[in-house]
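# Fold and geometry: a report
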Amino acid sequence: MDFSHHWRTLKSNAKMSEKKISSSRKHQLKSLMLSIAKGLLEEEERELERERTRYMGETCPPVSMPRSMQELQELCREIHHKIDVIDEERYNLDFKVTKTNKEIDDLKIKVQDLMGKFKKPVLRKVRMSADAMLKALLGSKHTVNMDLRANLKQVKKEVKEEDKELRDVGDWRKNIEDKSGMDGRKKMFEAEA
């Protein structure tokens, strides 16, 4: 097939596409493009098959079965040596791939940092007791009862007499009359001493 001829006709037809094209002409152009693409794909498959056979011929020559034990051992050594070389290449390539993937991830993070488009995730408010939090952090094997109120020191409330008097004051006018004048001041000093 002459692809350049078909390409020129398609190109000239594309110029005409500015005008209205009938549906039969569109169908004809579409089928022509599909036939050209099919031919290109078939040619590409044949090329790949030729490349595959060439590569297999270079790297894997036909094996001639040895007739003696010595020749068989020599063949096994050669095969083991080739396997070792291929494994080294595979390991090196694998290492390079992992290294480049890590570099790509680092560069993506740097780009996000530079652009400032990193969105912090919205954190949900979680209500969790101290026991549940310790269990989540330390696992189920560690059971610690964190009843914080149990660890608090018990304080006995002592009621002082002065506080008792202040609560039991009663009528404030009577209290003022008792403390007024010199007699009231004298009583206050006597009570303090």
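Not measured: the values here are computed from a predicted model.

## Examining the overall build of the protein chain
Looking only at helices and strands, one finds seven helices and zero strands in the protein chain. Ordered by position from the N terminus, the helices and strands of the protein chain form the series α-α-α-α-α-α-α. Of the accessible surface of the protein chain, which amounts to about 19,700 Å², a share of 58% is contributed by carbon and sulfur atoms.

## As for helix 3 (residues 69-115)
Across its 47 residues, helix 3 extends 68 Å between first and last C-alpha, which sits within 8% of the 69 Å expected from 1.5 Å per residue. Two residues or fewer past helix 3, Gly116 is found with a positive phi of approximately 70°.

## Quick word on helix 2 (residues 23-59)
With 37 residues, helix 2 should reach 54 Å at 1.5 Å per residue; the first-to-last C-alpha distance of 53 Å fits that figure. For helix 2, every residue scored as buried is listed here: Leu29, Ile36 and Gly39.

## Describing a nonpolar patch on the surface
A grouping of Val126, Met128, Met133, Leu137 and Leu138 is seen on the molecular surface, where their side chains present a nonpolar patch of about 490 Å² in accessible area. Position of Val126 relative to the elements: it lies in the loop between helix 3 and helix 4 (130-138).

## What about the pattern of salt bridges?
Counting across every chain of the model gives eight salt bridges. Note that Glu43 and Arg46 form a salt bridge whose closest N and O atoms lie 2.9 Å from each other. Pair noted here: Glu43 and Arg46 are both in helix 2, with a separation of three residues, about one helical turn. Three or more residues joined by partner-sharing salt bridges are found here, namely Glu43, Arg46, Glu47 and Arg50.

Cut-offs and rules
- Residues numbered from 1 in each chain as written.
- Predicted model: local features only at pLDDT ≥ 70, side-chain atom pairs only at ≥ 80, totals over all residues.
- Heavy atoms only, no water.
- Helix = DSSP H or I, 4+ residues; strand = E, 2+ residues; numbered from the N terminus.
- Areas by Shrake-Rupley, 256 points an atom, 1.4 Å probe, with all protein chains shown as cover.
- Expected span 1.5 Å × (residues − 1).
- Buried < 20%, exposed > 50% of the residue type's maximum accessible area, 1.4 Å probe, protein only.
- Patch = residues over 30% accessible without salt bridge, like charges linked within 9 Å, V, L, I, M, F, W, Y side chains within 5 Å.
- Salt bridge = Lys/Arg side-chain N within 4 Å of Asp/Glu carboxyl O.

Function-wise, these values are silent; they only describe arrangement.
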